[in-house]
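The chain contents come next:
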Amino acid sequence: MKGAQRTGREVVALPLPLLVNLVNAWGSAPRKACGKSAQAYSTLSAWRATSPLAWRQFPRLSATQLVEVADLVYPVFAAGSGRECAQSLSRLAEQAGLTPTMASEGWRVREAWRCAHAGQELLAAAALALLEHLRASPDASRLGTCHGQACADVFVDQSPAGLRQFCSLTCQTRQRTRAYRAGKRETEARSTLGA
Ligand SMILES: [Zn+2]
């Protein structure tokens, strides 16, 4: 029993889309980029309602904890190289006390992960989500942050070409419109000078 307490309870990975939403809604960098730093966070109950099953394993979450986890996870998406991504994720796993172990159900033996640091269960579930994602898709350049102006939201690039630059279609359209207008202004200025 003591051993079980020392190793902590089994961690279930957070669904990756949920982790992306968490980082974008609670992370300091995404909120700052879109000028929402001073705005109130969504209420915890509203947040829980978005995915009640996934949140059931964290009955006592606080806003401070969500911000902390979002800010710790952000560098994994913002990493400039595979090495940086690996280092950030290693730090996360270490801080969460994410520990591999084996579990069994009858004769069926499987890999299991535990959180050795009490209070870090959400961080452990976030780290495990990224670990499982990278195990299936090791190309870390597909974890990215938005190139849109006034946006630093994170995303997972699942496009066939792997060239995604924007968090959403809204940011992509906004950026294209901006580039188009800038080009038009430049052409107009040039023709005025020429006239
Ligand atoms: Zn964006």
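Computed from a prediction, not measured in an experiment: that's the story for all the values here. The written sequence of each chain sets the order in which its residues are numbered from 1. Selection of residues for local features in this predicted model requires a pLDDT of at least 70, selection of side-chain atom pairs for listing and counting requires 80 or more, and totals for whole chains, interfaces and linings are taken over all residues. Calculated side-chain values reflect all of the structure's heavy atoms, with hydrogen atoms and water omitted.

Chemist: Would you explain the coordination of the zinc ion in this entry?
Modeler: Put simply, a metal with four donors set out as a tetrahedron has ideal angles of 109.5 degrees, and one with six donors set out as an octahedron has ideal angles of 90 or 180 degrees. Only N, O and S atoms count as donors, using a 2.8 Å cut-off from the metal and 3.2 Å for Na, K and Ca, and because water is excluded some sites may appear unfinished. Within the protein, C146 (SG), C151 (SG), C167 (SG) and C171 (SG) serve as the donor atoms for the zinc ion, at 2.3 Å. Square planar and octahedral assignments, for four and six donors respectively, both demand that opposite donors be over 155 degrees apart and that all other angles lie between 65 and 115; tetrahedral needs four donors with all angles between 85 and 135 degrees, and anything else is irregular. The site at the zinc ion holds four donor atoms, and with the angles between them running 107 to 115°, its shape is tetrahedral. The motif formed by the donor residues of the zinc ion, counted along the single chain, is C-x4-C-x15-C-x3-C. Assigned by exposure class, C146 and C151 land together as buried. Relative accessibility decides the category of a residue: with a 1.4 Å probe and only protein chains considered, values under 20% of the type maximum give buried, values over 50% give exposed, and everything between is partly exposed.

Chemist: What is the right way to look at the pattern of salt bridges in this model?
Modeler: A side chain of one charge can pair with a side chain of the opposite charge when the charged atoms of the two come close. Salt bridge, as used here: a side-chain nitrogen of Lys or Arg that lies within 4 Å of a carboxyl oxygen of Asp or Glu. Going through the model one piece at a time under the given rule, you end up with six salt bridges. R110 is the partner of E10 in a salt bridge, and the nearest nitrogen-oxygen pair spans 2.9 Å. Of this pair, E10 sits in the loop between α1 (2–7) and α2 (16–26) while R110 sits in strand β2 (residues 108–115); the two residues are 100 residues apart in sequence, bridging distant segments of the chain. By relative accessible area, E10 is classed as partly exposed at 27%. When the shortest N-O distance is used, the salt bridge between D157 and R142 registers 3.9 Å. Within this pair, whereas D157 is found in the loop between β4 (154–156) and α9 (169–194), its partner R142 is found in the loop between α8 (121–136) and β3 (143–145), the two being separated by 15 residues in sequence. You can call D157 buried: its relative accessible area is 3%. Shared partners join several salt bridges into a network, and the residues in it are E10, E105 and R110. Numbering of helices and strands starts at the N terminus; helices are DSSP runs of H or I of at least 4 residues and strands are runs of E of at least 2.

Chemist: Explain the nonpolar core to me, please; I cannot follow it from the model alone.
Modeler: Side chains that are nonpolar tend, in soluble globular proteins, to be buried together. We call a set of buried Ala, Val, Leu, Ile, Met, Phe, Trp, Tyr and Cys residues a nonpolar core when their side-chain atoms join them within 4.5 Å. Ranked by internal contacts, the top residues of the largest apolar core, which has 47 residues, are L14, L19, L22, W55, V73, L122 and L130. Of all the secondary structure elements, the ones that give two or more residues to this core are α2, α5 (52–55), α6 (63–78), α7 (82–96), β2, α8 and β4. Not counting residues within four places of it along the chain, the set of residues in contact with V73 comprises L19, V23, L92, A126 and L130. C146, C151, F155 and F166 belong to the second-largest nonpolar core, a separate cluster that totals six residues. The contact criterion used is simple: two residues touch if any of their non-hydrogen atoms lie within 4.5 Å.

Chemist: When you look at the packing of α6 against α8 in this model, what are you seeing that I'm missing?
Modeler: To describe two helices that pack against each other, one gives the angle between their axes and the distance between the axes. Interhelical geometry of α6 versus α8 gives an angle of 20° and a closest axis separation of 10 Å. The pairing of α6 with α8 is recorded here as roughly parallel in orientation. Considering only the axes of α6 and α8, their crossing is right-handed. Note on element contacts: α8 touches α6 through L122, L123, A126 and L130, opposite L66, V69, L72, V73, V76 and F77. Residue polarity is assigned by list, with Asp, Glu, Lys and Arg as charged and Ala, Val, Leu, Ile, Met, Phe, Trp, Tyr, Cys and Pro as nonpolar; anything else, Gly included, falls into the polar class. Its residues assigned to classes, the contact of α6 with α8 shows 10 nonpolar, no polar and no charged. Whenever a helix is involved, its axis is fitted only over the stretch in contact; in every case the axis is a line through C-alpha atoms, and angles between N-to-C directions fall within 0 to 180 degrees. Here roughly perpendicular refers to angles of 65 to 115 degrees, roughly parallel to angles under 35, roughly antiparallel to angles over 145, and oblique to all remaining angles. The crossing is said to be left-handed when, going from far helix to near helix, the turn is anticlockwise and less than a right angle, and right-handed when the turn is clockwise.

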